[in-house]
Amino acid sequence: MGGEAGVTLVRARVAAIGAGGDGVTEEGVFVPFAAPGDLIAFEQDGGRGKIAEVIEASPERVAPPCPHFGVCGACQLQHISHDLYRAWKRDQVVRTLAQAGLEVPVGELVDAHGEGRRRVTLAIKHGVAGYHRRGSHDVMPVEVCPILAPGLSGAIAFAQALAAEIPEKWVSLLLTATLGGMDGDIRGPLHGNARLNARLAALAREHGLARLTAEREPLALYRSPSIGVGPVAMLVLPPGAFLQATAKGEDVLGGLVLDGVKRARRVADLFCGVGPFAIRLAARAQVYAADTDADAVAALRKAVAVPGFKPVQAERRDLFRRPLVPQELEPFDAVVFDPAFDGAAAQTAELARAQVPRIVAVSCNPVTFARDARTLVDGGYRLTKVTPVDQFLYASHVEIVAQFERD
Ligand SMILES: C[S@@+](CC[C@H](N)C(=O)[O-])C[C@H]1O[C@@H](n2cnc3c(N)ncnc32)[C@H](O)[C@@H]1O
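All values derive from a computational prediction rather than experimental measurement. (Residues numbered from 1 in each chain as written. Predicted model: local features only at pLDDT ≥ 70, side-chain atom pairs only at ≥ 80, totals over all residues. Heavy atoms only, no water.)

## Quick look at the pairing of strand S21 (residues 382-390)
Here is the rule: The pairing criterion is simple: DSSP has to find at least two bridges between the two strands. Helix and strand assignments follow DSSP, with helices taken as H or I runs no shorter than four residues and strands as E runs no shorter than two, numbered in order from the N terminus.
Strand direction decides the pairing type here: strand S6 (residues 110-111) and S21, joined by 2 bridges, are parallel. Each bridged residue has a counterpart across the sheet, and for Val110 the counterpart in S21 is Val389. With 7 bridges joining them, S21 and strand S22 (residues 399-405) adopt antiparallel strand pairing. The partner of Leu383 across the bridge, within S22, is Phe404.

## A word on the side chain of His79
Put simply, the test is: Think of it in three bands: residues with accessible area under 20% of the maximum for their type are buried, residues over 50% are exposed, and the middle band is partly exposed, with areas taken using a 1.4 Å probe on protein chains only. In the analysis that follows, any N or O atom pair within 3.5 Å is treated as a polar contact, provided that within protein one partner can donate a hydrogen and the other can accept it, and provided that, for residues neighboring in sequence, both atoms belong to side chains. Residue contacts are defined here by distance: any two heavy atoms, one from each residue, within 4.5 Å place the two residues in contact.
Positionally, His79 belongs in the loop between strand S5 (48-56) and helix H1 (82-99). Assessed through its relative accessible area of 1%, His79 is described here as buried. A polar contact of 3.3 Å, which involves the side chain of His79, links it to the backbone oxygen of Ala34. In this structure His79 touches Phe33, Ala34, Ala35, Glu60, Arg61, Val62 and Phe69, once residues within four positions along its chain are discounted.

## Notes on the sheet that holds strand S16 (residues 266-270)
As a reminder of what qualifies: Lines fitted to C-alpha atoms define the axes here, with helix axes fitted over just the stretch in contact, and angles between the N-to-C directions of these axes take values from 0 to 180 degrees.
Taken in spatial order, the 8 strands make up an open sheet running S6-S21-S22-S20-S19-S16-S17-S18, and their pairing is mixed. Pairing within the sheet leaves two strands with one partner each, and these edge strands are S6 and strand S18 (312-316). The strands that helix H9 (residues 366-378) touches are strand S19 (334-337), strand S20 (358-363), S21 and S22; relative to S22, the one it contacts most, it runs at about 5°.

## Some thoughts on the site of the ligand
The following threshold applies: For this purpose, a residue is taken to be near a molecule or strand whenever a single non-hydrogen atom of the residue falls within 4 Å of it. Each accessible area value is a Shrake-Rupley result obtained with a 1.4 Å probe; residue values ignore everything except the protein chains displayed when judging cover. For this classification, the nonpolar set comprises Ala, Val, Leu, Ile, Met, Phe, Trp, Tyr, Cys and Pro, the charged set comprises Asp, Glu, Lys and Arg, and every other residue, Gly included, is treated as polar.
Around the ligand, a shell composed of 17 residues is seen, among which Gln244, Asp291, Asp318, Leu319 and Asp338 lie nearest. Residue Thr292 places a main-chain N or O atom 3.1 Å away from a nitrogen atom belonging to the ligand. Measuring from a nitrogen atom of the ligand, one finds a side-chain N or O atom of Asp338 at 2.9 Å. Out of a free accessible area of 600 Å², the ligand has 89% covered by protein chains. The residue makeup of the shell around the ligand, split by class, is 9 nonpolar, 3 polar and 5 charged.

## Some points on the domain arrangement of the protein
Put simply, the test is: What marks off one domain from the next here is an automatic or database domain assignment. Accessible area that two parts lose when put together, evaluated with a 1.4 Å probe and summed over both, is termed the buried area.
Domain annotation of the protein identifies domain 1 (1-61), domain 2 (87-113 + 243-405) and domain 3 (119-227). For domain 2 versus domain 3, the distance between C-alpha centres works out to 31 Å. Counting residues at the interface gives 7 residues for domain 2, matched by 5 residues for domain 3. Where domain 2 abuts domain 3, roughly 520 Å² becomes buried across the two surfaces, and 58% of that area is made up of carbon and sulfur atoms.

## Quick word on unusual backbone geometry
The phi dihedral of His126 falls on the positive side, at around 45°, and the residue is not glycine. Along the chain, His126 turns up in the loop between strand S7 (119-125) and strand S8 (128-132). In this structure His126 comes out as exposed when scored by relative accessible area, which is 55%. Phi at Lys262 is positive, roughly 55°, even though this residue is not glycine. Overall, the relative accessible area of 34% leaves Lys262 in the partly exposed class.

## Brief notes about the environment of Pro146
Tracing the chain through its elements places Pro146 in the loop between strand S9 (139-141) and helix H2 (155-165). Along the backbone, Pro146 and Arg117 are 29 residues apart, and their C-alpha atoms lie at a distance of 9.5 Å. Dropping the residues within four chain positions of it, Pro146 is found in contact with Pro65 and Cys66.

## Quick word on the sheet that holds S8
Judged by pairing direction, the sheet is mixed, and its 7 strands sit side by side in the order S9-S8-S7-S10-S11-S12-S13 without closing on themselves. The two strands at the open ends of the sheet, each matched to only one other strand, are S9 and strand S13 (217-221). For this sheet the average axis-to-axis angle between neighbouring strands, irrespective of direction, equals 35°. Across 4 bridges, the pairing between strand S12 (residues 211-214) and S13 is antiparallel.

Shown next, in the form of structure tokens:
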């Protein structure tokens, strides 16, 4: 096919959307931001392509809500209809489970975007603050980000002000919306001295931050960086601790966890973080909770050290190196586990040998979930319910809550 200035353009019909959210042509070339049904011209580089022109737009193509879409690396799927988007996300779960030979009806996708993302990581490089350009380490400035919750409405302005203070640095900035204002953690080589630290603390005050830390070390504290978690009105967040991406996501996942453990009286919450599930469970069951993050475990202990909760025993434990073994799992009526992207291979191997009647798995990665689910099913569990959850609107990520039972 012809092209301009030495670039060869290929013309093709887009057949589907692949697992990473890119369009896939009938010939199997992956082209970002192409919609199924589009007739496109694109620059081809091996198995990948870059869209040059949409010759005939698919009826599924819609106008993206964000002016940065298509350049920014944060969102992959603003250009397709909401129905297709929802069907595609659910299908990611259906296909991955089928590939692992796991037969179970998959529920409808639950929308958990709510009022938007309550945490964001912005990149700061050579005085520019924003997101990474798609497929690049370059940082592109952004004016708006429609997926952020109102509590992060000042995020971009603060990142830009920070970038101007540290033009020679290359760091990232994690911002979380809390009840006291934004909580910021600068990550990467800041090498602050007393003067720079004082300037950054003053900037945090001007922008109404509750707290600013660098690699979790305090720079400024103006108000308590707390969030409400289920029945707990104020849980003080440890700097940089894991938190579900949206408040609604936490609520939806928490509700599905409570539903999954049924009437269990003794529950283990593994990979508990600051305890969004443990806290909700402890309103009605005795809870053992474990996570490798000591600060998160301490925050959970403090949050439930008030009247109204059943006993919670929370400990720091590396569940990859030291998973709970069948003897330790014996007292529990139900186990909840919610590992990071890599899944929980060591812990599921032990669960597969144990006799816990109910297991609820929460996962942000269908591939490692399918691997771990396979281990449980091979160990004699029945996979009885799978619910896909969408708290990462417009991204290709999808989460899963699954129930397993043993007779
Ligand atoms: C997806 S987060 C879930 C946290 C919590 N359930 C929540 O909903 O906020 C995964 C958690 O696994 C923890 N983690 C990562 N590696 C671990 C390990 N080897 N042992 C125990 N916990 C680990 C992290 O600290 C993080 O809190």
